[in-house]
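Residue-level listing of the chains:
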Amino acid sequence: MRTIPAAARGFIGCAALAAVLCAAPALRLGADAPWADALALTVLYALCERLRPGWAGPVLLAAALLLPPPLAALTALPGALTAPAEAPVAARRIWHAAELALACCAAGRLAGLLTAALGHHPPRAPYFPGALLTAAAAALAFCAVLAALDGAILIAAERRPPRTAWRGLLVPALGPFLVHGAAGLMTAVLWRSVYGPPAALLVLLPMYLSRWVFAQYHRERAAHQATIRALVQAVDLKDHYTRGHSERVGRASAMIARELGMTEQRLEVLRFAGILHDVGKLGVPTRLLRKDGPLTPQERAVIELHPEYGHEIVRGIGFLGEARAAVLHHHERLDGSGYPYGLVGHRIPEAARVVAVADAFDAMTSTRSYRRARPVAAAVAELRRCAGTQFDPRMVAALAAALERDGWQPGLATAAAPSPCGNVPPDLADRPSQAADGPPRATVPHRTAAAEDGAP
């Protein structure tokens, strides 16, 4: 308790005292109380919390429907006090037990009031339609008490402003708790049926399996994110001049995908495509990426291999899907003068056309050591000028609409002179390339031969 503020310690103590006061009347219930049911539900909840914390909500809601409120409050205590917890362990366990006991008691009291108002006894088959209202109300009360207490502890422990402490606590939790309420009602009905408590376990098995599948999905998703981060960090370390560019291209790609009405799953793939579009730089010699001065034609040809290098790197990563095609083809252009294969028009994969626009936009709106950033409006105007030759007009229009609605947060942005469309982001056409028979094409200062993310 020493590692948390005094206000938080006091609030936890008050919550624990309130939980004790809610559970204390159980001592006066006598031998006629459903002690056997209470013990069975208490043990069941404790076992569930040991197996997989956080998925046994239906057990507590079943207790709120089956037991008197003081006994329902007691049901949560052993499982919460013995469940795994982060440091400070004692404070977290006491807090978790107190808030669950209070939530169970509130849900039980509301369920009891509705049961009396509807004129029936605890849930059993003949009263099942009416019991749906009781279960929903109990679940809402349970959720509301937890949200209220969690917001209050954030104010006490983390000094959150009251106007933001409860934000996002109640509404996102309503769906899961209503599902738990339905499962708790089914558990209660089966518990009181002719089949007895063992039949109620049949409700918990699907809940456990669904929770396990959900956890596996989140683990897999976290592994995907870690893979992406590792690749991007490797690119950023190799070409530190464009650090942060990949994340911004991923964000712009997702904006285009959302504006086009793509599904959330595909939107995520397009975001991955934008983030990984330049992973092929890992196959380009570092001396070229960091070279000061103009490119020779031979060096330019080496750098133009980076889409193919990138495709080789990601081709075995199955979850990327069409993002792999975007990595390979994001330097193609509609008029067929792009690389690596000179694809024309709609033969260029849609994902690659999305990333090409996002890549060029961020390159133009990012400040680099060898040129200033363009304002967003100027970058959009340049994209529109090159639409139909270099970029897909549909993607350009989608990005422009998304930017107008949501805005953008580039680096420092100042005016820059327009540049001709080339097979690089438009703002990079003035980057030098050393020909065998002539000097560099530009006279402005330049940073590197391989400079930019959209650049060859």
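Being a predicted model, the structure only gives us computed values, none of them experimental.

It is worth spelling out the overall build of the chain at this point. The number of helices and strands found in the chain is 18 helices and zero strands. Sorting the 456 residues of the chain into buried and exposed places 48% on the buried side. Put simply, 72% of the contacts in the chain that link residues at least 6 apart link residues at least 24 apart. Of the accessible surface of the chain, which amounts to about 20900 Å², a share of 64% is contributed by carbon and sulfur atoms.

We now examine the layout of surface pockets. Over the atoms rolls a probe the size of a water molecule, and its path tells where empty space is left. Here the largest pocket is characterised by a volume of approximately 1400 Å³. G54, H96, E99, L146 and D150 are the residues nearest the centre of the largest pocket, which is lined by 43 residues in total. Counting residues per element, the ones that place at least two in the lining of the largest pocket are α1 (6-23), α2 (35-51), α3 (57-66), α5 (89-118), α6 (128-158), α8 (171-191) and α9 (197-238). With nine residues, α6 is the largest single contributor of residues to the lining of the largest pocket. When the residues that make up the lining of the largest pocket are grouped by side-chain class, the tally is 30 nonpolar, five polar and eight charged. Size it by volume and the second largest pocket reaches roughly 280 Å³. Considering the residues around the second largest pocket, the lining is formed by Y217, E220, R221, H224, E264, Q265, E268, V269, F272 and F319. If one sorts the elements of the lining of the second largest pocket by residue count, helix α11 (residues 264-276) sits on top with five residues.

A separate point is the pattern of salt bridges. Overall, the coordinates contain 15 salt bridges when judged by the stated rule. The partner of E304 in a salt bridge is R300, with the nearest N and O atoms 3.9 Å apart. Judged by relative accessible area, which is 26%, E304 ranks as partly exposed. Sharing partners across several salt bridges, the network here consists of R266, E322, E350 and R394.

This next bit is on the packing of aromatic side chains. Considering all chains together, one arrives at four aromatic pairs under this definition. Plain terms: the ring middles of F11 and W95 are 5.6 Å apart, the flat faces sit at 45° to each other, and that makes the pair tilted. Of this pair, F11 sits in helix α1 while W95 sits in helix α5, and the two are 84 residues apart along the sequence. Judged by relative accessible area, W95 falls into the buried class, the value being 10%. For R251, the ring lying beneath its charged end belongs to W408, and the centroid distance is 4.0 Å.

To continue, consider a nonpolar patch on the surface. Taken together, L29, W35 and L74 make up a surface patch of nonpolar side chains, about 220 Å² in accessible area. On the secondary structure map, W35 appears in helix α2. For W35, a relative accessible area of 35% puts it in the partly exposed group.

For the rest of this paragraph, the subject is unusual backbone geometry. The omega angle of the peptide bond from Y339 to P340 is 15°, so this bond is cis rather than trans. Checked against the element boundaries, P340 lands in the loop between α15 (323-329) and α16 (350-365). Phi is positive for R159, close to 55°, though the residue is something other than glycine. For R159, a relative accessible area of 67% corresponds to the exposed category.

Criteria and cut-off values
- In this convention, every chain numbers its residues from 1, walking through the sequence in written order.
- In view of the model being predicted, local features appear only for residues whose pLDDT reaches at least 70, and side-chain atom pairs are presented and counted only at 80 or more, with totals across whole chains, interfaces and linings using the full set of residues.
- To obtain the side-chain values, all non-hydrogen atoms of the structure were used and water was disregarded.
- Numbering goes from the N terminus for both helices and strands, where a helix is a DSSP run of H or I of at least four residues and a strand is a run of E of at least two.
- Partly exposed residues are those whose accessible area sits between 20% and 50% of the maximum for their type, while under 20% is buried and over 50% is exposed, using a 1.4 Å probe and protein chains only.
- What makes two residues a contact is simply this: any of their non-hydrogen atoms within 4.5 Å.
- Note on areas: Shrake-Rupley, 1.4 Å probe, and residue coverage restricted to the protein chains presented here.
- Here a cavity denotes a set of grid points, spaced 1 Å apart and computed over the protein atoms alone, in which a 1.4 Å probe fits but from which it cannot get out, and a pocket denotes an open set meeting protein on both sides within 12 Å along at least five of seven lines; residues with an atom within 4 Å of a point are reported as lining.
- Grid points are joined across faces, edges and corners, and a volume is the space filled by probe spheres set on the points.
- Amino acids are sorted into nonpolar (Ala, Val, Leu, Ile, Met, Phe, Trp, Tyr, Cys and Pro), charged (Asp, Glu, Lys and Arg) and polar (every other residue, Gly among them).
- Should a side-chain nitrogen of Lys or Arg be within 4 Å of a carboxyl oxygen of Asp or Glu, the pair is scored as a salt bridge.
- Within 6.5 Å between ring centres, the rings of Phe, Tyr and Trp (the latter by its six-membered ring) count as paired, and their orientation is classed by plane angle as stacked under 30 degrees, edge-to-face over 60, tilted in between.
- Put simply, a charge is over a ring when the Lys NZ or the Arg CZ is close to the ring centre, within 6 Å, and near the line of the ring normal, within 35 degrees.
- Any residue with relative accessible area above 30% and no salt bridge may belong to a patch, with like charges joined within 9 Å and the nonpolar Val, Leu, Ile, Met, Phe, Trp and Tyr side chains within 5 Å.

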